[in-house]
Amino acid sequence: MTDVPEREEDPLLRIAGLAIDYRTGRRRWTPAVRGVDLHVDPGEFVSLVGESGSGKSTLVQGALGLLPPSARIRAGSIAYSGVDVTGWSDQRMARVRGNYVGFIPQDPNTSLNPVKKIGQQVIESVRFNAPDARNAAQHREAALESLRTAGLKDAERVFHQYPHELSGGMKQRALIAIALAGRPRIVVADEPTSALDVTVQKVILDHLMRLREELGIGILLITHDLGVALDRSDRILVMQDGRIVEEGPVRQVLENTTHDYTRRLLDAAPARQAGRLEPTSGPRARPTDTSPVLRARALTRTYQLRGGRGRRRQLRALDGVDLVVRKGTTHAIVGESGAGKSTLASILVQFTAADSGTVHIGDRELTGLGRRELREIRRDLQFVFQNPFTSLDPRFTVGKLVAEPLQAFKLATGKQERTARVVELLGAVALDESHLHRLPAELSGGQRQRVAIARALAPNPGILVLDEAVSALDVSVQAQILQLLVDLQAELGLSYVFVTHDLGVVRLIADDVTVMKGGVVVETGPVEQVLRSPRHEYTRELLEAVPGAGINGAGTSGGERVGAAIAHQA
Amino acid sequence: MTVPLDTLAAPARRGSARPLLGRLGGLARQPVLMVSWIIVLVVIGWAVAPRLFTSYSPYEGDSAASFAPPSVEHWFGTDRLGRDLFARTVYGAHTTLTATLLAVLIAFGIGTVAGLIAGFSGGIVDTAVMRLVDVFLAIPSLLLAMVVVSVLGYSTQNIALAVGISSIASFARVMRAEVLAVVTQDYVRAAYGLGRGRLGVMLRHVVPNSLSSVVALAALEVGTAVLAVASLGFLGYGAPPPQPEWGLLVAEGRDYVATHPWAAIMPGLALALVVVAAHRISTSYRKEHRR
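Residues numbered from 1 in each chain as written. Chains lettered and ligands numbered in written order. Predicted model: local features only at pLDDT ≥ 70, side-chain atom pairs only at ≥ 80, totals over all residues.

1. Some details on the overall build of chain B
Regarding its fold elements, chain B presents twelve helices and zero strands. Tracing chain B from N to C terminus, the helices and strands come up as α-α-α-α-α-α-α-α-α-α-α-α. In chain B, which comprises 291 residues, the share counted as buried stands at 45%. A sequence separation of at least 24 residues applies to 68% of the contacts in chain B between residues at least 6 apart. (Helix = DSSP H or I, 4+ residues; strand = E, 2+ residues; numbered from the N terminus. Buried ≥ 20, exposed ≤ 12 C-beta atoms within 10 Å, placed from the backbone. Contact = placed C-beta atoms within 7 Å.)

2. Focus: the overall build of chain A
The helix and strand tally for chain A stands at 20 helices and 20 strands. Radius of gyration (C-alpha) of chain A: 26 Å, near the 25 Å computed for a compact globule of 570 residues. In terms of its C-alpha atoms, chain A occupies a principal-axis envelope of roughly 75 × 55 × 50 Å. Here chain A holds 570 residues, and the buried ones make up 48% of them. (Rg over C-alpha atoms; globule rule 2.2 N^0.38 Å.)

3. Concerning the confidence of the model for chain A
Residue and element names in this part refer to chain A. Looking at chain A as a whole, its pLDDT mean stands at 82, while 90% of the residues score no less than 70. Segment residues 1-7 is flagged for pLDDT under 50; beyond a separation of four residues in sequence, or across chains, it makes six contacts in the model. Low pLDDT (under 50) marks residues 553-570, which in the prediction has 41 contacts with non-local residues, meaning those over four places away or in another chain. (pLDDT = per-residue confidence, 0-100.)

4. Brief notes about the domain arrangement of chain A
Residue and element names in this part refer to chain A. Taken domain by domain, chain A consists of domain 1 (9-100 + 235-269), domain 2 (292-302 + 314-380 + 461-569) and domain 3 (397-459). Summarising the inter-unit geometry, the C-alpha centres of domain 1 and domain 2 are found 38 Å apart. Taken residue by residue, the interface counts ten residues in domain 1 and eight residues in domain 2. Of all the secondary structure elements, the ones that give two or more residues to the side of domain 1 that touches domain 2 are α9 (250-255) and α10 (260-268). Examining the composition of the side of domain 1 that touches domain 2, we find that four residues originate from one element, α10, more than from any other. Across the side of domain 1 that touches domain 2, the residue classes break down as five nonpolar, one polar and four charged. (Domains from an automatic or database assignment. Nonpolar A, V, L, I, M, F, W, Y, C, P; charged D, E, K, R; others polar.)

5. Observations regarding the sheet that holds strand β17 (residues 463-467) of chain A
All names here are of chain A. Spatially, β16-β17-β18-β13-β19-β20 is the arrangement adopted by the six strands of the open sheet, whose pairing is mixed. Across the chains shown, the open sheet's two edge strands, defined by having one partner strand only, are β16 (381-384) and β20 (520-526). Strand-to-strand twist in this sheet, taken as the mean axis angle between neighbours without regard to direction, amounts to 15°. Sheet topology places β17 next to strand β18 (residues 495-500); five bridges connect them, and they run parallel. Within β18, the residue paired with Asp467 across the bridge is Val499. The strands touched by helix α11 (residues 341-348) are β13 (330-334), β17, β18 and β19 (512-517); relative to β18, the strand with the most contacts, the crossing angle is about 150°. Together, β16 and β17 form the strand contacts of helix α15 (residues 445-457), whose direction differs from that of β16 by roughly 170°. (Pairing = 2+ DSSP bridges. Axes fitted to C-alpha atoms, helices over the stretch in contact; angles between N-to-C directions.)

6. Details of the environment of Ile236 of chain A
Here Ile236 of chain A lies in strand β9 (residues 235-240). With near-sequence residues (within four places) excluded, Ile236 of chain A lies in contact with Ser47, Val49, Ala229, Gly248, Val250 and Val253 of chain A.

7. A closer look at the nonpolar core
Core analysis: the biggest nonpolar cluster contains 237 residues, and Leu147, Ala177, Leu348, Val402, Val497 and Ile509 of chain A together with Val229 of chain B have the highest contact counts within it. Leaving out residues up to four positions away in the same chain, Leu348 of chain A has contacts with Leu294, Ala296, Val359, Val465 and Val497 of chain A. (Core = buried A, V, L, I, M, F, W, Y, C linked by C-beta atoms within 7 Å.)

8. A few points about the packing of helix α3 (residues 118-129) of chain A against helix α4 (residues 136-149) of chain A
The description of two helices packed together rests on the angle between their axes and the distance between the axes. Residue and element names in this part refer to chain A. Viewed as axis vectors pointing N to C, α3 and α4 meet at an angle of 110°, and their least axial separation amounts to 9 Å. On the basis of their axis angle, the class for α3 and α4 is roughly perpendicular. In this structure, α3 contributes Gly119, Val122, Ile123, Val126 and Arg127 to the contact, and α4 contributes His139, Arg140, Ala142, Ala143, Ser146 and Leu147. (Parallel < 35°, antiparallel > 145°, perpendicular 65-115°, else oblique.)

9. What to know about the environment of Ala94 of chain A
All names here are of chain A. Summarising the element assignment, Ala94 is placed in helix α2 (residues 90-99). Among the residues examined, Ala94 registers 14 C-beta atoms within 10 Å and is labelled partly exposed. Sequence separation between Ala94 and Phe128 is 34 residues; the distance between their C-alpha atoms is 9.5 Å.

10. Quick word on the pairing of strand β2 (residues 29-40) of chain A
All names here are of chain A. As paired strands, strand β1 (residues 13-23) and β2 are joined by nine bridges and run antiparallel to one another. For Ile15, the partnering residue across the bridge sits in β2 and is Leu38. Between the antiparallel neighbours β1 and β2 lie five residues.

11. Quick look at the confidence of the model for chain B
Residues and elements named next belong to chain B. Model confidence for chain B is summarised by a mean pLDDT of 81, while 89% of its residues fall at 70 or above. No element of chain B has a lower mean pLDDT than helix α1 (residues 4-9), at 36, and none a higher one than helix α8 (residues 168-183), at 91. Note that pLDDT drops below 50 for residues 1-17; the model gives that stretch 32 contacts with residues more than four away or on any other chain. Both scores are given for the predicted complex: the pTM is 0.75, the ipTM 0.71.

12. Examining the sheet that holds strand β8 (residues 218-223) of chain A
Strand pairing in a sheet relies on backbone hydrogen bonds. The paired strands run either parallel or antiparallel. Residue and element names in this part refer to chain A. The strand order β6-β7-β8-β3-β9-β10 describes an open sheet built from six strands, whose pairing is mixed. The outermost strands of the open sheet, each flanked by one partner alone, are β6 (101-104) and β10 (243-249). On average, adjacent strands in this sheet sit at an angle of 15° to one another, irrespective of strand direction. Relative to β8, strand β3 (residues 45-49) runs parallel, the two being bridged by five bridges. Considered in β8, the bridge of Ser47 is made with Leu221.

13. Let's talk about the pairing of β16 of chain A
Residues and elements named next belong to chain A. Burial along β16 is two-sided: the residues Leu381 and Phe383 and Gln382 and Val384 are all buried. Relative to β17, β16 is paired through four bridges, and the arrangement is parallel. From the neighbouring strand, Phe383 faces β17, where its bridge partner is Val465.

14. What to know about helix α7 (residues 156-166) of chain B
Residues and elements named next belong to chain B. Taken across its eleven residues, α7 has nine buried, putting it largely inside the fold. Among the residues of α7, Thr156, Asn158, Ile159, Ala160, Ala162, Val163, Gly164, Ile165 and Ser166 are the ones counted as buried. Taken together, the buried residues of α7 touch α4 (85-121), α6 (141-152), α8 and α10 (198-234).

15. Examining the packing of α10 of chain B against helix α12 (residues 262-288) of chain B
All names here are of chain B. Across the interface, α10 lies against α12 with an axial gap of 7 Å and an inter-helix angle of 170°. Compared by their axis directions, α10 and α12 come out roughly antiparallel. Along this stretch, α10 crosses α12, giving a crossing that reads as left-handed. Within the contact between the two elements, α10 uses Val215, Ala216, Ala219, Leu220, Val222, Gly223, Val226, Leu227 and Ala230 and α12 uses Leu271, Val274, Val275, Ala278, His279, Ile281, Ser282, Tyr285 and Arg286. By residue class, the composition of the contact of α10 with α12 is 14 nonpolar, three polar and one charged. (Left-handed = near helix turned anticlockwise from the far one by under 90°.)

16. Focus on the environment of Met34 of chain B
On the secondary structure map, Met34 of chain B appears in helix α3 (residues 31-48). Since 15 C-beta atoms lie within 10 Å of it, Met34 of chain B is described here as partly exposed.

17. Here's the deal with unusual backbone geometry
Residue and element names in this part refer to chain A. Phi at Arg183 takes a positive value of approximately 50°, unusual for a residue other than glycine. By the element assignment, Arg183 lies in the loop between α6 (168-180) and β7 (186-190). On the basis of neighbour counts, which here come to 17 C-beta atoms within 10 Å, the residue Arg183 falls in the partly exposed class. Its identity as a non-glycine residue notwithstanding, Ala430 has a phi of 60°, on the positive side. By secondary structure assignment, the location of Ala430 is in the loop between α14 (415-428) and α15. In this structure Ala430 comes out as partly exposed when scored by C-beta crowding, with 15 C-beta atoms within 10 Å.

Structure below.
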């Protein structure tokens, strides 16, 4: 992984002093990339890490000549193997893309043409980039070869399938096949695994590493996940506000972090934390009264799927799921997409009805309650959605949003009393009065999620169900929200049901954990026990796939490793 | 990745409270839109206070000056009886616009409520309302309007009612589609979770968030309705002859179109400009509120 490839005169890609602006007004330009230097040598795996808004995607678009019309390159140069391509027309750049540099886009679910078979889409790339192969049979052979290289074992079958017939991981491989079809010397991948499950992510990244070794290509990986970058790359560049703030070999970045931002990112990474977060007010008291506040028994839910030609298929989203949440603790539900964890969360608060099974809050049974009784129960049982960009009514100000449950439950009557309570709630989530009259569109993702949490806290609930509540946020923001949740729990004695796909987060916040797969609970128990000595094969697999095992490898903090290390102890 | 500017610019932007000056400034950069607004405002002015725009009477003509071509004195020329056509067009704006407005209000009101109920309730109610709407859509709207007027009697109010009824369907369809989209949003589910009842959710979240497309449609429908009202007037279903009504003016001028073309063209031009202007305004509104 670290053996030095043969040196050539020029790096595969050299970006020097690149600055890119976006047009924000008639004569106003806002810089997105402010003078970046970057190079990728043959056989090198370079990662570019940054949070949303750091300009990393813009940088890549600039390098590939794929900038939107509203952007311009103000200064700097881009050279492939010493050939300066800055200012090349799109037509000339099209020859470079594909033939010289392969691009793997971010979201495999939207990056393939849904009405064309995979084979056709790969052939398109072959035909465009390898004009020497003249006849259709040769094209076909080259496309199949490319699919095989991308790690699709059953290339013949995939060749004749449509994108919707493939899983996310297979689609991403098809995209890799398309990127490789032109036999590029460097591959640029923009968040290639961010939309995928961790176990799939691991397989895709493993494959990229293998391709680099076998074909000797250079790889430039754009990612927001420091863990992935540290695990995989030879060299790391950290980007913030359009500038590279830290650069160097992985080990050096880990051991001698020179920039504050990098240190913050490293500290925010879930894998960095030694164990469960403590509230800022001091070490938390172990909840003494651990009677269950929420009990679910034998929950089952089936969805009817419409198959082709009138066939009906059934999808068991939940199959006999039990869950017990102890008072004042956090119970995490972990699993990959399709595991049924969101369905479970949705049933717990009765947004979705279960086919069979029961949910008890305290000693009241939820399933089968009428609307009016349910409304009463909801005072005690609140829900926080995954995406703060869609869970807040875009037309409501922050003040109105937080006041809504107060109004609906007739809790604080009178305008003054209500406003006072809203300000108090905002204070609890570290926002203040100045935010009262803002609209959600004027807030950052982290601020929006704080508003959503404040709103959920308004009726003084005992239980919060959080459905992937930090998954849409950057790591540094995620760390803040998690800390906030821990503080609130210590202060108000809340119980959390915390749904997540991220095992790193589980360790930070949960007391108990339930691992789900395919609608079934595979393992449940206290966090330390499940993470340290997982009994089920699937839990072990999940743990091994968590990136960032290397973050603590340099011994900068005494904490144990998450993921592989823990699993191997077992 | 997200476009970085979005995050950078977000805290500074104040979407709803854009100052009036800024809006006017934006208008100045779109000359066509500005002209459209001027046309609409002037025509509304005609309807409200015709006396301010012309000193001629719409009824009394000077028979010596029959069929005078457009001139400085008579901007639109005169008709067979020597009545000033500009004055008749200005006074006619009142009849035509009132009928149009009434028609759009009827269609907007009934259509939006029907669409809201259908989209929000779903199930059998949805099916029932929407099949009824389909029946309305199946009948050509002008034909439907003619039937309604024939039943109710010839008058401008009845024209308004007829045109309104015939365009309920499109409002209902658009509203239902919007409601269906909004109902699946997280913030609607969140509102239930926060203790709102169905009515509260509907009035506070669903209606405000689905209305913008329907409002754009209303602006568009103004143009169509002007045309429909004038068509019915042209066919003689509306106001009786001495009254100035745009459709009627065109009808009256039609007989002399070979020899004195302005008699039909001038009111027709006014009609066409209003329709185009309304369309332009609707388009810009839709663009501004696109999500």
